[in-house]
Amino acid sequence: MKKTKTTLIAPSLLSADFSKLGQEIKALEKAGADLIHWDVMDGHFVPNLTFGPPVIAANRNQTKLPFDVHLMVDRPDKLIDKTAESGADMITVHMESSSRVADCVSRIHALGKKAGISLKPHTSVSEIIPFIPEIDLVLVMSVEPGKGGQTFQAQALEKIVALKELIGRKKVQISVDGGINPETAEACRFAGANILVAGTSIFKAKSYAKAIEALKGSK
Ligand code: DX5
Ligand code: ZN
């Protein structure tokens, strides 16, 4: 069957084996991943702590795939420069963070990177309206940020549909993050998401390639 629209798959390294991130990244590239999604957590905006710019930088030469960095931190403004230097291609900040999101977006663009804004499950899509002309990506959280392996919250689908309408013909990608498996991936693709972020369903699979293929589906 001919594919009419490509959905990009962004495996989240949160579920990878942290003792061999370089090998995991190479395996994901070989398996057909389109982006590498880094979940940076500060132990404050979310309870967990993961990795930051030094770890991202140390792995930059493992692949040519774009690095999609999701900053789950309370003050993303303080990390943007270092994240850009680490080799990020896309940097996403949270609408609910304590930083001025508009300033974050301007700084990310000034550093030559793509800028995204993420919405937690309870944040209304209407909050993104003033930013649509400025951003490259909206990251819809379909679980509470902070950990992998949670169940997809179906209201994310309505948000994706509403965003698609708001975005219209503008070049803003819609990414969805949390609880993505072949079934929820299909629903998200149908709703209009362009990028699917997935941790558990890829890393728990025997074959990363088959898991990625299953998320891309046939449409
Ligand atoms: C959650 C992270 C996600 C997470 C997704 O806070 O933003 O990227 O790793 O993991 P799964 O696919 O396991 O829900
Ligand atoms: Zn994420």
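Residues numbered from 1 in each chain as written. Chains lettered and ligands numbered in written order. Predicted model: local features only at pLDDT ≥ 70, side-chain atom pairs only at ≥ 80, totals over all residues. Heavy atoms only, no water.

## What about the overall build of the chain?
Thought 1: Secondary structure summary: the chain contains eight helices and eight strands in total.
Thought 2: For 219 residues, the compact-globule estimate of 2.2 N^0.38 gives 17 Å, and the C-alpha radius of gyration of the chain, at 16 Å, lies within 12% of that figure.
Thought 3: A principal-axis box enclosing the C-alpha atoms of the chain has dimensions of 40 × 40 × 30 Å.
Thought 4: Every one of the 219 residues in the chain was classed for burial, and the buried ones make up 50%.
Thought 5: Taking the contacts inside the chain whose residues are at least 6 apart along the sequence as the reference set, 63% of them involve residues at least 24 apart.
Thought 6: Accessible surface, the chain: about 10,300 Å² in total, of which carbon and sulfur atoms supply 52%.
Thought 7: Each charge class in the chain can be summarised by its mean position, and for the 28 positive and 24 negative side chains these summaries are 6 Å apart. (Helix = DSSP H or I, 4+ residues; strand = E, 2+ residues; numbered from the N terminus. Rg over C-alpha atoms; globule rule 2.2 N^0.38 Å. Buried < 20%, exposed > 50% of the residue type's maximum accessible area, 1.4 Å probe, protein only. Contact = heavy atoms within 4.5 Å. Areas by Shrake-Rupley, 256 points an atom, 1.4 Å probe, with all protein chains shown as cover. Lys, Arg positive; Asp, Glu negative; His and termini not counted. Charge placed at Lys NZ, Arg CZ, Asp CG, Glu CD.)

## Observations concerning the site of ligand 1
Thought 1: In the vicinity of ligand 1 lie 19 residues, with Asp39, Gly146, Asp177, Gly199 and Thr200 positioned nearest.
Thought 2: Contact between ligand 1 and Gly146: an oxygen atom at 2.7 Å from a main-chain N or O atom of the residue.
Thought 3: Burial of ligand 1 by the protein amounts to 99% of the accessible area it has alone, namely 380 Å².
Thought 4: Breaking the shell around ligand 1 down by element, the ones donating at least two residues are β2 (36–41), β3 (67–72) and β8 (195–198). (Near = heavy atom within 4 Å. Polar contact = N/O pair within 3.5 Å; in protein donor to acceptor, adjacent residues only side chain to side chain.)

## Notes on the sheet that holds β2
Thought 1: Taken together, eight strands build an open sheet; the order of strands is β1-β8-β7-β6-β5-β4-β3-β2 and the sheet is parallel. In the strand order of this sheet, the two ends are held by β1 (8–11) and β2, each with one partner. The sheet shows a mean angle of 25 degrees between the axes of neighbouring strands, direction not considered.
Thought 2: Inspection of the sheet shows strand β5 (residues 114–119) paired to strand β6 (residues 137–141) by four bridges, in the parallel sense. Paired with Ser118 across the strands is Leu139, a residue of β6.
Thought 3: Sheet strands in contact with helix α4 (residues 101–110) are β4 (90–94) and β5, and its direction is about 150 degrees off that of β5.
Thought 4: The sheet contacts of helix α8 (residues 208–216) involve β1 and β8, and relative to β1 the element is tilted by about 135 degrees. (Pairing = 2+ DSSP bridges. Axes fitted to C-alpha atoms, helices over the stretch in contact; angles between N-to-C directions.)

## Section: the coordination of the zinc ion (ligand 2)
Thought 1: Listed as protein donors to the zinc ion (ligand 2) are His37 (NE2), Asp39 (OD), His70 (ND1) and Asp177 (OD); their distances from the metal cover 2.0 to 2.3 Å.
Thought 2: Angles of 66 to 168 degrees at the metal separate the six donor atoms of the zinc ion (ligand 2), which places the site in the octahedral class.
Thought 3: In the primary sequence, the donor residues of the zinc ion (ligand 2) line up as H-x1-D-x30-H-x106-D. Across this residue pair, the class does not change: His37 and Asp39 are buried. (Donors = N, O, S within 2.8 Å, 3.2 Å for Na, K, Ca; no water. Tetrahedral: all angles 85-135°; square planar, octahedral: opposite > 155°, others 65-115°.)

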